[in-house]
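# Examination of the molecular architecture
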Amino acid sequence: MVRVRRNVLNLDAGDRTLHWYSLAVEAMQAIPPTQYDSWWFQANIHGDPDRSTFNPYFSRCQHQSWYFLPWHRGYITAFEAIVADKVARLGGPSDWALPYWDYTEPLSVQPYARYLPEAFRAPTQDGTRNPLFSRRNTPPSGKVGLTDTQVSRAALKEDVFSRAGEGVPPGFGGPPTGFSHAGQVSGELESVPHNVVHVQVGGNMGLVELAARDPIFWLHHANIDRLWEMWHQEPNHDEPTDPAWRSGQRFTLHDGSGAVFHFDCNDMIDTRAVLHGYVYDDLDNVETDEDEMRQTVHQTANKRLALEVFMRDDREPELIGTSDSSLDLLSGAPVATLSLQTGRQRLMTLKSGDFGPPPRAYLNLENIKGSGQPGDFMVYVDVPDDDLEPVPAGLLTTFGLTVASDPASEHGGSGLTRILDITPVAERLGLRDGSDTLQVSFEPLQPERSDAADGYIPHEMELAMETDEMRGAMDEPPSITVGRISLYIE
Amino acid sequence: MARTDAFVSNPVLLVALRDVGRTLLTRRGLRALSPPVFQLVVLPALVAWAWLVLGTTWLAVAERMAAPPAETPSLFFLDATICRGGRGPGTAMSASPSLAPGQWAVMVVAMMWPTLVPPATYLARRSFRSERLRAVCLFVCAYSVVWALAYPLAWLVLASIEAALSALQAMPWAGALGAAGAAVWQLTPSKRRLLRACHRVPVMGPGGWASDRIMIRFGFDHGLRCAGSCFLLMTLPMVGGHGMGVMIVITALMLAERAAARPDLGASARVLFALAAWQLFSALLA
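Owing to the predicted nature of the structure, the values given are computational and were not obtained by experimental measurement.

Attention now goes to the overall build of chain A. Check the secondary structure of chain A and you find 12 helices and 15 strands. Counting across all 490 residues of chain A, residues that qualify as buried make up 62%. Taking all contacts inside chain A whose residues are at least 6 apart in sequence as the whole, residues at least 24 apart take part in 76%. Carbon and sulfur atoms form 50% of the exposed surface of chain A, whose accessible area is close to 18000 Å².

Next up on the list: the nonpolar core. In this structure, Tyr21(A), Trp101(A), Phe172(A) and Trp218(A) are the most contacted members of the largest nonpolar core, which totals 86 residues. A per-element tally of this core places helix H3 (residues 68–89) of chain A first, with 11 residues. Not counting chain neighbours up to four residues away, the residues in contact with Tyr21(A) comprise Trp39(A), Phe79(A), Val83(A), Trp96(A), Phe120(A), Leu132(A), Pro215(A), Trp218(A) and Leu219(A). Formed by 61 residues, the second largest nonpolar core is a distinct cluster that contains Trp104(B), Val146(B), Cys230(B) and Leu253(B).

For the rest of this paragraph, the subject is the packing of helix H3 (residues 35–66) of chain B against helix H7 (residues 132–167) of chain B. Residue and element names in this part refer to chain B. Between H3 and H7, whose axes approach to 9 Å, the crossing angle comes to 30 degrees. Looking at the two axes, H3 sits roughly parallel to H7. H3 and H7 meet at a crossing whose hand is right-handed. Across the interface between the two elements, Pro36, Leu40 and Val41 from H3 touch Arg132, Leu133, Val136, Cys137 and Val140 from H7. Of the residues that constitute the contact of H3 with H7, the class distribution is seven nonpolar, no polar and one charged.

Before going further, it helps to examine the side chain of Asp421(A). Residues and elements named next belong to chain A. Mapped onto the secondary structure, Asp421 falls in strand S13 (residues 416–421). Within the local environment of Asp421, its side chain forms a polar contact with the side chain of Arg360, the two groups lying 3.1 Å apart. Side-chain polar atoms of Asp421 contact the side chain of Thr423, separated by 2.7 Å.

All names here are of chain B. Together, Val145, Leu149, Phe220 and Leu224 make up an exposed nonpolar region whose accessible area comes to about 360 Å². Along the chain, the position of Phe220 falls in helix H10 (residues 208–240). Using a relative accessible area of 33% as the deciding quantity, one classes Phe220 as partly exposed.

This part covers the environment of Gly483(A). Tracing the sequence through the fold places Gly483(A) in strand S15 (residues 479–489). Placed 358 residues apart in sequence, Gly483(A) and Gln125(A) show a C-alpha to C-alpha distance of 46 Å. Excluding residues within four positions of it along the chain, Gly483(A) makes contact with Ser325(A), Ser326(A), Glu366(A), Asn367(A) and Val203(B).

Our next topic: the pairing of strand S14 (residues 437–445) of chain A. Pairing geometry for strand S9 (residues 335–340) of chain A and S14(A), over five bridges, is antiparallel. Across the sheet, residue Val335(A) finds its bridge partner in S14(A), namely Ser441(A).

Residue and element names in this part refer to chain A. Among the 11 residues in S15, nine count as buried, and that is most of the element. As paired strands, strand S7 (residues 318–322) and S15 are joined by four bridges and run antiparallel to one another. Of the residues in S15, the one forming a bridge with Gly321 is Leu487. Pairing of strand S8 (residues 327–328) with S15, which is carried by two bridges, proceeds in the antiparallel orientation. Bridging from a neighbouring strand, Asp328 pairs with Thr481 of S15. Sheet topology note: the strand S10 (residues 361–371)/S15 ladder contains 10 bridges and is antiparallel. Residue pairing in the sheet places Asn364 in a bridge with Ser486 of S15.

Definitions and limits used
The residue numbering used here restarts from 1 in each chain and proceeds along that chain's sequence as written. For this description, chains carry letters from A and ligands carry numbers from 1, given in the order in which they are written. Residue-level local features of this predicted model are given only where pLDDT is at least 70; pairs of side-chain atoms are given and counted only at 80 or more, and the full residue set underlies all totals for whole chains, interfaces and linings. Values reported for side chains reflect all heavy atoms of the structure, with hydrogen atoms and water molecules removed beforehand. Here a helix means four or more residues in a row that DSSP labels H or I, a strand means two or more in a row labelled E, and each is numbered from the N terminus. Here the term buried applies to any residue with accessible area under 20% of the maximum for its type, exposed to any over 50%, and partly exposed to those in between, with areas from a 1.4 Å probe on protein chains only. Contacts are assigned to residue pairs that have any heavy atoms within 4.5 Å of one another. All accessible areas in this document rest on Shrake-Rupley with a 1.4 Å probe, and a residue is counted as covered only by the protein chains that are shown. For this analysis, a nonpolar core means a set of buried residues of the types Ala, Val, Leu, Ile, Met, Phe, Trp, Tyr and Cys, connected via side-chain atoms within 4.5 Å. Think of each axis as a best-fit line through the C-alpha atoms, taken over the contacting stretch in the case of a helix, with angles from 0 to 180 degrees between the N-to-C directions. Relative orientations are named as follows: roughly parallel for angles under 35 degrees, roughly antiparallel for angles over 145 degrees, roughly perpendicular for angles from 65 to 115 degrees, and oblique for any other angle. By convention the crossing between two helices is left-handed if the near helix lies anticlockwise of the far one by an angle smaller than a right angle, and right-handed if it lies clockwise. Polar here means any residue other than Ala, Val, Leu, Ile, Met, Phe, Trp, Tyr, Cys and Pro, which are nonpolar, and Asp, Glu, Lys and Arg, which are charged; Gly is therefore polar. Whenever a nitrogen or oxygen atom comes within 3.5 Å of another N or O atom, the pair is scored as a polar contact, on the condition that within protein one atom can donate a hydrogen and the other can accept it, and that pairs from neighbouring residues in sequence are kept only if both atoms are in side chains. Note on patches: the residues involved have over 30% relative accessible area and no salt bridge, like charges join within 9 Å, and the nonpolar side chains Val, Leu, Ile, Met, Phe, Trp and Tyr join within 5 Å. For salt bridges, the criterion is a side-chain nitrogen of Lys or Arg within 4 Å of an Asp or Glu carboxyl oxygen. Should DSSP find at least two bridges between two strands, the strands are taken to pair.

Put into structure tokens, the structure is as follows:
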């Protein structure tokens, strides 16, 4: 029996989906973390803050990788199966399905799209601890500070699922990797809106190791999964055929009955075939004029790029300019100046080329390292000494920053790398042959408020598991530096 | 006991090794490498392997011809060739350890340089086109300096091991002891920490002399981490006598664990214990 995942903000007044979810979460939170159906076990699969205890299921989540979307599909569906099993045992319906929180919905259609659903907002309900509340950077009204750009669906216009290579945008789903709990470059959907929502909700959601402890995490990821399904249904959008993606990596979780369930990416393409099977109630991609960033993102040029990538494997992007020192993004007005070597390179006119497809320009923010939760940033580019204002180039999101900066992590603390296709922006700036400087500046986009602890009542199981390291992670002062900013031309 | 990330259903090392094989041993994989990486890293490594294979074959054939044919069963000869570079347990061991500087250099190039392909590719792609050759060259040279400095240490280690084992009449078991020691090292937290650090990439520079300094520094640091992680694995073939089979297994192991972001060190330890068992078996055969 295929289940139907529905928009949490459109549920009927008498709908009991969240009521049963709350009861199931409460039951799961009382189970010790050694059992598969414990809330804490399920959360630790995403990230285990206490690394001294070893469990082969913990810290397996895939990020900065082409496995990001399929792994999370398996993860939330297994979670849905476990919760549905709890709901059925508690006397609820047998077809319970995880709802999704669609913050990308235009405000003209749903004015409360960027508010947490009501059931999640209060620390207590009827005088007792609300299981759906968590540590967050959101005020009691539930409003999450999200602009149109931050919840843009621009990623859905990216035709290529995955692309390898240094300096180039990694595609809709992320770059080819092996097993990747923490990496460097996030795919387009992973960056916006996935990472942004994590950062702007903040608190537990702001840290990889604690994010899945927040009950809103699962509704957030249901929406990300839905956005993948919306991308998938476009006629020219296909998942990679490379066997390294399809069957190159197997993952292991538990299903609703506690049986171990193995899957690879091939098993995750059809939502009706994942465990109990599910569909979404609404996959319409409603487009409005509200999203400026969506309009500046490549459209037909992107289709041409996909064809070029297929036809010419050896078309390699080339570095043409870099900044000369690292940049602290929390220091006043952070600005970097890139010296460009356009004079010595091949023709770089960023308008329609006479021969073949026009060149594309990619801004790379390399080795982004830091601590705490410094928030997100809007990135602006400008050619100095002209009459044109700096133009927004894209978002820098910092979810996963602390893990990526940790020298003990899988990439030795090399930090994150954010790659922005600035071709349309460069055209507006008049970047061309002879331009020898590019300025890059950053504007912080802070969450609604910074104090994540107000009113939160920790569960006794949580207190028993808490370590100094975890407490420290929440209170760590924010810092963020970009190692180098570079410009690539392809 | 250190953590291992092993799932029996997911042989991480084999998957990593298959990916490495696709990169280094197929035309498509080699074409995908940045040009200076192929010329400066992969090609010399292939040449070094050719040298090792020819040299080992030559030694084995020479020994075979020197020994009376009737007394040496062919199966034993094969095992000696694969396992111990032609040295059967009945062969007298030379007084000094078998580690000439040239041998060490060839081993480093053949066995360690292939692990440089990922960082060298990163450096090449994130440098200006005109500086790629320079960047990779400086990186590889600085890296190799560390291994060159490790040579006296390796010589000392080998000398003391061989002296101790000779005194105990236990030289035939040298290979087995070396493999077992390397296996135990695989399971320590230090090995894990150093291996993860091997995936670190530097903050690249703006070109010119500033970038050169970064390449040299990174090459040196990477060499230290790498040598720390793989030193015991590199001394193993020497203790056993430069057996071809041992060198191939060790190289494959190092490549696989370097390629995977979350290597299955428990599996690599098991492989080394199996190697130790094989060495022990062939020592007992004598």
